[in-house]
Amino acid sequence: MTPELHQKLTAWRQHLHAHPELSLQEKATAAFVQERLTELGIPFEAGIGGHGVVATLTRGSAAGRVGLRADMDALPITEDTGLSYASKTPGVMHACGHDGHTAALLGAAALLAADTSWSGTVDFIFQPAEEGFGGSRAMVAAGLFERFPMDRVFGFHNWPGLAAGTIAVHDGAVMASGGRITITIEGHAGHAGMPHLTRDPVMAAGHLIVAMQSVVSRGVDPLDTAVLSLSTIEGGTAPNQIAGKVVIRGTLRHHRDEVKDIILKRIGEICAGIATSFDVKVTPDIVMGVGVTANTPEEAGLARLAADKVSAPVRRDLAPSMAGEDFAFYLRHRPGAFVWIGNGPLRDGAELHGPRYDFNDAILPVASGWMAEVAKTALSSN
């Protein structure tokens with residue numbers, strides 16, 4: 001990558017950082033992507049699965065076709081970086097680096113547009129709504145793989161705490177499957193001074209929260225991985241009234257479906273037991289996400305080969321993360337690989353989803369270079 005292109009990508013990335021948009025609201029971000037693609041002379045289709053954009057480059061006569069994906073949405077987090085290009089939108093920031101992912105994919109498009117050494121077709125997928133709003137599912141439902149019949153798909157996530165520019169490639173699982181938990185406890189409200197006339201959902205909630213801590217610690221094999229976190233609780237409006245309802249929300253994560261089945265069974269059993277013990281109604285509602293993000297073997301090998309070609313250090317020894325990633329939905333339909341690219345040392349408050357997080361612009365040449373190279377490597381392997 002030339003210094004001029006690196007400088008341009010940095011400016012683009014910082015513009016996106018200053019103008020973040022939440023999931024399902026990425027209209028201006030998608031328009032910015034379309035403007036840059038037009039500048040690069042790369043044709044595209046917009047409005048795919050919401051604000052999704054897919055650009056396509058074809059060169060030579062080879063029949064192979066590869067997809068490269070970046071996500072575009074931001075998070076409802078108040079930024080605390082003090083940067084000159086900090087978010088101008090109150091309460092919204094690019095705290096997960098999707099601004100950098102988008103800029104890196106634009107850089108890969110620029111590199112491949114200027115490179116005459118490859119043959120085939122590359123689709124550049126700019127995806128909305130990754131942060132829990134089903135952007136990948138929406139793009140697939142809109143005919144992504146029928147309209148752009150790619151053979152494989154690749155993507156990356158920046159990774160704070162991993163040395164800047166180092167590429168981690170997993171064999172198998174990379175990111176966890178997730179589920180959103182809502183547990184509603186309904187009792188009978190009444191005067192706090194006459195609790196015998198009530199059925200207290202707050203006390204039931206306390207016992208339920210404690211009992212739930214045994215689901216993973218006593219129900220899941222210690223050599224497996226799982227997380228069950230109950231993160232919010234809402235109930236009551238007055239200190240002298242016992243509330244009529246409590247709502248608890250949280251998340252579960254796992255890497256194997258067998259573990260998910262154990263967790264769901266135990267949640268149901270505990271909810272039923274609490275309902276009986278405290279004479280309340282307990283209703284668990286669990287919505288599962290898109291599944292485990294797991295690399296397919298051949299594509300993981302291509303990802304490592306591409307990393308070698310851009311002279312990036314490669315790590316194969318990192319454990320998978322318990323964070324989720326909706327790239328998994330693409331992998332239900334096509335083989336592919338999802339890698340981590342190091343963002344540099346981890347600083348307090350600057351982890352992913354932290355208020356002082358910022359994408360490291362110094363890794364843009366590696367990120368764009370790897371994406372361009374993995375497309376070429378995959379096409380040549382065909």
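Structure first, text after, so check above.
Residues numbered from 1 in each chain as written. Predicted model: local features only at pLDDT ≥ 70, side-chain atom pairs only at ≥ 80, totals over all residues. Heavy atoms only, no water.

### Quick notes on the sheet that holds strand β15 (residues 314-315)
Right, so step 1: The eight strands are arranged β1-β2-β4-β3-β5-β16-β6-β15 in an open sheet whose pairing can be described as mixed. Strands at the two margins of the open sheet, each flanked by one partner only, are β1 (44-48) and β15.
Right, so step 2: Here strand β3 (residues 65-71) pairs with strand β5 (residues 152-160) via four bridges, running parallel. Considered in β5, the bridge of R69 is made with G155.
Right, so step 3: Across the sheet, helix α10 (residues 364-381) touches β3, β4 (120-127), β5, β6 (167-168) and β16 (336-344), and the angle it forms with β5 is around 155°. (Pairing = 2+ DSSP bridges. Helix = DSSP H or I, 4+ residues; strand = E, 2+ residues; numbered from the N terminus. Contact = heavy atoms within 4.5 Å. Axes fitted to C-alpha atoms, helices over the stretch in contact; angles between N-to-C directions.)

### Section: the nonpolar core
Right, so step 1: L68, L112, F124, F126, F154, I167 and W370 are the most contacted members of the largest nonpolar core, which totals 54 residues.
Right, so step 2: It is α10 that contributes the most residues to this core, 10 residues altogether.
Right, so step 3: When residues no more than four places from it in sequence are discounted, the contact partners of L68 are L105, L112, V122, D123, F124, I125, F154, M371, V374 and A375.
Right, so step 4: Counting 24 residues, the second largest nonpolar core, distinct from the first, contains I185, V259, F278 and V280. (Core = buried A, V, L, I, M, F, W, Y, C linked by side-chain atoms within 4.5 Å. Buried < 20%, exposed > 50% of the residue type's maximum accessible area, 1.4 Å probe, protein only.)

### Digging into the pattern of salt bridges
Right, so step 1: Tallied over the entire structure, the rule returns 25 salt bridges.
Right, so step 2: Among the ionic pairs, D358 bridges to R13, the shortest N-O distance being 2.9 Å. Of the two residues, D358 is situated in the loop between β16 and α10 and R13 in helix α1 (residues 3-18); the sequence distance between them amounts to 345 residues.
Right, so step 3: When its relative accessible area of 15% is taken as the criterion, D358 is described as buried.
Right, so step 4: Across the salt bridge formed by E234 and R249, the nearest N and O atoms sit 3.1 Å from each other. Placement of E234 in strand β10 (residues 226-235) and of R249 in strand β12 (residues 245-254) is noted, with a sequence separation of 15 residues between them. (Salt bridge = Lys/Arg side-chain N within 4 Å of Asp/Glu carboxyl O.)

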